Amino acid sequence: MNPPLQTQNDTCPACGQGNLMPQTQQNPVSHAGHHGSVAMQFSVCDHCGSELADTAQALANKRAMQAFKKQAEGLLGGAEIRTYRKHMKLRQDTAAALFGGGKVAFSRYESDDIIQSTAMDSLLRLCMAMPTNLSKLASLKGLQLPPETRNIVNSHSRDQFIKLAPLVQKILDQELTEKRKHSAQSASNDSSLGAYSQAGKTVETSRWERAA
Ligand SMILES: [Zn+2]
């Protein structure tokens, strides 16, 4: 979990007299050709007017900027990754063991402390799109998925099957109809061929009879 971001009204270190009043301001930012605005936190001294950011504010600002960069680069946001991981009932360390990136990778992705690589982003998206990929990933790593995660993967597979079953049945029915049509057609071809050879034989016979 992220540490709570708290800012207290402290005495201004610049003048030593005023109090620092926390504020938030939308700042225009741009990254990778994308423009937007990010809420930046800082404090203003009510005596000398100095503006400064404490550790917690600086961290919040860094995270807000990283989140904007992820969005600009078309990468999953920290909140999206957290939602997915929680939906799959994975702990952060289990997710890191499965996906890689180091022991604390997921806490850092999810709090927007770092930007995941495009390879990690793609891997996450593949598993989001097809939960059975998580089982494949686990077997590749020689790991067992937690039982509650396995249940989610299995129930998704079951849902997929139920959704696909009527479609598969329709395809099989169509194939069967086609096959029947073909065999009926070739049967009628056979019988017309039979009639032809029959006619040929008749001709032959009559010719033979005539010759005789
Ligand atoms: Zn001051």
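Residues numbered from 1 in each chain as written. Predicted model: local features only at pLDDT ≥ 70, side-chain atom pairs only at ≥ 80, totals over all residues.

Chemist: Explain the pairing of strand S2 (residues 34-45) to me, using residue names and the numbers behind them.
Modeler: Two elements, strand S1 (residues 20-31) and S2, share 12 bridges in a ladder whose sense is antiparallel. In the sheet register, Val29 faces S2, and the bridge partner there is Gly36. Counting the residues in the hairpin turn of S1 and S2 gives two residues, including Ala32, whose phi is positive at 50 degrees. Here S2 runs beside strand S3 (residues 51-52); their pairing, made up of two bridges, is antiparallel. Each bridged residue has a counterpart across the sheet, and for Ser43 the counterpart in S3 is Leu52. (Pairing = 2+ DSSP bridges. Helix = DSSP H or I, 4+ residues; strand = E, 2+ residues; numbered from the N terminus.)

Chemist: Requested: an account of the nonpolar core, with residues and values cited.
Modeler: As a rule of thumb, nonpolar side chains are buried together in soluble globular proteins. Grouped together as the largest cluster of nonpolar side chains are 16 residues, with contacts concentrated most on Ala95, Ala96, Phe99, Phe106 and Leu124. At the level of secondary structure, the elements contributing two or more residues to this core comprise helix H3 (92-99), helix H4 (105-110) and helix H5 (118-129). If you tally residues by element for this core, the top one is H3, at four residues. With near-sequence residues (within four places) excluded, Leu124 lies in contact with Leu76, Ile81, Tyr84 and Phe99. (Core = buried A, V, L, I, M, F, W, Y, C linked by C-beta atoms within 7 Å. Buried ≥ 20, exposed ≤ 12 C-beta atoms within 10 Å, placed from the backbone. Contact = placed C-beta atoms within 7 Å.)

Chemist: Can you lay out the sheet that holds S3 for me, pointing to particular residues and giving the numbers?
Modeler: Strand order across the open sheet formed by three strands is S1-S2-S3, with antiparallel pairing between neighbours. Each edge of the open sheet carries a strand with a single partner, namely S1 and S3.

Chemist: Got a sec to walk through helix H2 (residues 78-87)? Specific residues and values, please.
Modeler: In an α-helix, one turn spans 3.6 residues; hence positions three or four apart end up facing the same way. Considered for burial, the residues of H2 that qualify are Gly78, Ile81 and Arg85. In a view along the axis of H2, the buried residues occupy a sector of 65 degrees, so they form one face of it. Turned more than 90 degrees off the buried face of H2, the exposed positions are Ala79 and His87. Looking one or two residues beyond H2, the residue adopting positive phi is Lys89, at roughly 55 degrees. (Arc of directions from axis to C-beta.)

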